[in-house]
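# Fold and contact review
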Amino acid sequence: MSAWEENDEIKFFREYLRIPSVGPNIDYEPCVAFIIKQVESLGLPYQILRPGGVDQPIVVVTWLGTNPELPSIMLNSHMDVVAAFPENWSHPPFAADIDSEGRIFARGAQDMKSIGMQYLAAIRALKNAGVAALKRTIHVTFVPDEESGGKLGMDKFVQTNDFKKLNIGFTLDEGRASPDEAFIVNYSERSMWRLHLKISGPTGHGSLLHSNTAGEKLNYLLEKLMNLRQQQVDRLKNDKNLTTGEVLTINLTKVNGGVQTNIVPASIVAVFDIRIPHDMDHEELDKKIKTWCTEAGGDVEVFYELKEPRIEPTKLDESNIFWTAFKSAFDELGLKMKLLITPGGTDSRYLRQLGIPALGFGPMNLTPTLLHANDEFLKAETYLKGIDIYKTIIPKLANA
Ligand code: ZN
């Protein structure tokens, strides 16, 4: 048995990891019951909201501040995890095995059951150290559905009166592990567009040369979009300081059409996943795509399954007192920070869209980035250090 197994915080963490909150049709109730048990031991009030449906619970745990009229601090985590295929793992993904190095293997060990439990653990440590309350109220939230895009979770939640009543002034949410010493902090993310192009043209026998066919138009559009993609590939290659989160990404993700090999199809649908950085002109890109559709020969329908607006990055200057507070915790602890724009999407975007500053952070340095990967693990030592880090960050934010 490893030395870590007797530690209460490690026990709680592993218990949470053993709940398989994995799709499809995730049953969140065991997570909710587990969190409530934790919260009751902390003596904190909580509410369970279900804005996305009865099977999409959100747990809101509240640590009331001494100045509850001030904007509050939200510490958010999601309860769901992505699928794990046991045959590709060296440990069962929902056993939370711990090895002799103290590595805890489980789906959600990094993304992001660790962070949810660390928030509660830090509050426990603060209370045990005699801190009865901080200046601002803290809300620790546990949400569903993040891994499917948050439509039934955070997206619904932020539109409710229950959310408005929380009067959130600042949010901490997930961040990814960093293989080196510097901790990654995300302050912005790109806007997601899911573009469908329905390309139509004359149908006919596959042995002839009809003009203006769907295939030719697809070829034209693909060339334009792939050229734009290549420009971004080159930018990344030529500027080592640039990260994926700062460039435009375009990927062809689906192509549908055609009925038979010897019939020219009347239409082809091509679907693209596009992510746009905040400093790019969204309208101009939309115009460009529409112009290319006309140039391709017309008869191309543009449909956006999703078209997120430009999302203002969280300010990293003195105008944002929560940024100053967060940074001062890092300075006090002597921790290194790497500021990045996250290449993927997180629930933070729903908050930033409302103008609420949000930072993505997970206290996981010197740790391989294993979110959504096989053999996802977090070292017990890293987990416990993370609790200490939150123990400094949370009071700085709440007393700002
Ligand atoms: Zn996550």
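### As for empty space enclosed by the protein
One pass over the structure, following the stated rule, counts 1 cavity of 30 Å³ or more. Estimates place the volume of the largest cavity at around 40 Å³. Taken together, Gln 110, Asp 111, Met 112, Glu 174, Gly 175, Arg 176, Ala 177, Met 364 and Leu 371 make up the full set of residues lining the largest cavity. Looking at the lining of the largest cavity, its residues break down into 4 nonpolar, 2 polar and 3 charged.

### Here we look at unusual backbone geometry
For the bond running from Gly 23 to Pro 24, omega is 0 degrees, close enough to zero to count as cis. Here Pro 24 lies in the loop between α1 (8-17) and α2 (29-42). In this structure, the amide linkage connecting Asp 111 to the following residue, Met 112, adopts the cis form with an omega of -10 degrees. Assignment of secondary structure puts Met 112 in the loop between β5 (103-105) and α3 (113-128). The backbone of Asp 145 sits at a positive phi, close to 70 degrees, despite the residue not being glycine. In this structure Asp 145 comes out as buried when scored by relative accessible area, which is 8%.

### A look at the layout of surface pockets
Volume-wise, the largest pocket comes out at about 520 Å³. Glu 146, Glu 147, Gly 344, Gly 345 and Thr 346 are the residues nearest the centre of the largest pocket, which is lined by 24 residues in total. Counting only elements with at least two residues in the lining of the largest pocket, the list comes to β9 (191-200), β13 (267-276), β14 (300-307) and α9 (348-352). Tallied by class, the residues present in the lining of the largest pocket amount to 4 nonpolar, 9 polar and 11 charged. When we break the lining of the largest pocket down by domain, the ones giving at least three residues each are domain 1 (3-174 + 362-398) and domain 2 (191-307).

### Description of the packing of aromatic side chains
Tallying each qualifying case throughout the model produces 14 aromatic pairs. Judged by centre distance (5.2 Å) and plane angle (35 degrees), the rings of Phe 326 and Phe 330 are tilted. Within this pair, Phe 326 and its partner Phe 330 are both found in helix α8 (residues 321-333), separated by 4 residues, close to a single helical turn. Considering the side-chain rings of Phe 326 and Phe 361, the 5.6 Å spacing of their centres and the 80 degrees angle between planes classify their relative orientation as edge-to-face. Taken together, the positions of Phe 326 in helix α8 and Phe 361 in strand β16 (residues 358-361) put the pair 35 residues apart, joining distant regions of the chain. For Phe 326, a relative accessible area of 0% corresponds to the buried category. Taken together, the ring pairs in this structure connect Tyr 119, Phe 183, Trp 323, Phe 326, Phe 330, Phe 361 and Tyr 390 into an aromatic cluster. Directly above the ring of Trp 193 sits Lys 307, whose terminal nitrogen or CZ lies 4.9 Å from the centroid. One cation-aromatic arrangement involves Lys 307 over Tyr 304; the distance from NZ or CZ to the ring centre is 5.0 Å.

### A short note on the sheet that holds β9
Read across the open sheet, the 4 strands follow the order β11-β13-β9-β14; overall the sheet is antiparallel. Looking at strand neighbours, the two that pair on one side only are β11 (249-257) and β14, the edges of this open sheet. Taken pair by pair, the neighbouring strands of this sheet meet at an average axis angle of 20 degrees, ignoring direction. Summarising the sheet, β9 and β13 pair through 10 bridges and their orientation is antiparallel. By the bridge assignment for β13, Ser 191 is matched with Ile 276.

### Section: the coordination of the zinc ion
The protein atoms that coordinate the zinc ion are His 78 (NE2), Asp 111 (OD) and Glu 174 (OE), at distances spanning 1.8 to 2.1 Å. Read N to C, the donor residues that coordinate the zinc ion are spaced as H-x32-D-x62-E. Here Asp 111, found in the loop between β5 and α3, pairs with Glu 174, found in the loop between β7 (168-173) and β8 (183-189); they are 63 residues apart in sequence, far enough to count as distant. Relative accessible area serves as the criterion here: at 9%, Glu 174 is assigned to the buried category.

### A few points about the sheet that holds strand β17 (residues 377-379)
Pairing is antiparallel across the open sheet formed by 3 strands, whose spatial order is β4-β5-β17. Two strands in the sheet have a free side with no partner beyond their single neighbour: β4 (97-98) and β17. Examined bridge by bridge, β4 and β5 share 2 bridges and lie antiparallel to one another. Bridge pairing in β5 places Ile 98 opposite Ile 104. Across the sheet, α1 touches β4, β5 and β17, and the angle it forms with β5 is around 20 degrees. Contacts from helix α10 (residues 380-398) reach β4, β5 and β17 within the one sheet, and its direction differs from that of β17 by about 70 degrees.

### Notes on α10
With 19 residues, α10 ought to run about 27 Å at 1.5 Å a step, and its terminal C-alpha atoms sit 27 Å apart, in line with that. Where burial is concerned, most of α10 is hidden: 14 out of the 19 residues are buried.

### Some details on the domain arrangement of the protein chain
Under the domain assignment, the protein chain is made up of domain 1 (3-174 + 362-398) and domain 2 (191-307). Taking the mean C-alpha position of each, domain 1 and domain 2 sit 39 Å from one another.

### With respect to the packing of helix α6 (residues 214-238) against helix α7 (residues 282-295)
At a closest axis distance of 9 Å, the pairing of α6 and α7 adopts a crossing angle of 150 degrees. One finds that α6 runs roughly antiparallel with respect to α7. By crossing handedness, the relation of α6 to α7 is classed as right-handed. Of the residues in α7, those touching α6 at Tyr 220, Leu 221, Lys 224, Leu 225 and Leu 228 are Leu 285, Lys 288, Trp 292, Cys 293 and Glu 295.

About the cut-offs
- Residues numbered from 1 in each chain as written.
- Predicted model: local features only at pLDDT ≥ 70, side-chain atom pairs only at ≥ 80, totals over all residues.
- Heavy atoms only, no water.
- 1 Å grid on protein atoms, 1.4 Å probe; cavity = no way out; pocket = protein on both sides within 12 Å on 5 of 7 lines; lining within 4 Å.
- Points joined across faces, edges and corners; volume = space filled by probe spheres on them.
- Nonpolar A, V, L, I, M, F, W, Y, C, P; charged D, E, K, R; others polar.
- Helix = DSSP H or I, 4+ residues; strand = E, 2+ residues; numbered from the N terminus.
- Buried < 20%, exposed > 50% of the residue type's maximum accessible area, 1.4 Å probe, protein only.
- Domains from an automatic or database assignment.
- Phe/Tyr/Trp six-rings, centres within 6.5 Å; stacked < 30°, edge-to-face > 60°.
- Lys NZ or Arg CZ within 6 Å of the ring centre and 35° of its normal.
- Pairing = 2+ DSSP bridges.
- Axes fitted to C-alpha atoms, helices over the stretch in contact; angles between N-to-C directions.
- Donors = N, O, S within 2.8 Å, 3.2 Å for Na, K, Ca; no water.
- Contact = heavy atoms within 4.5 Å.
- Expected span 1.5 Å × (residues − 1).
- Parallel < 35°, antiparallel > 145°, perpendicular 65-115°, else oblique.
- Left-handed = near helix turned anticlockwise from the far one by under 90°.

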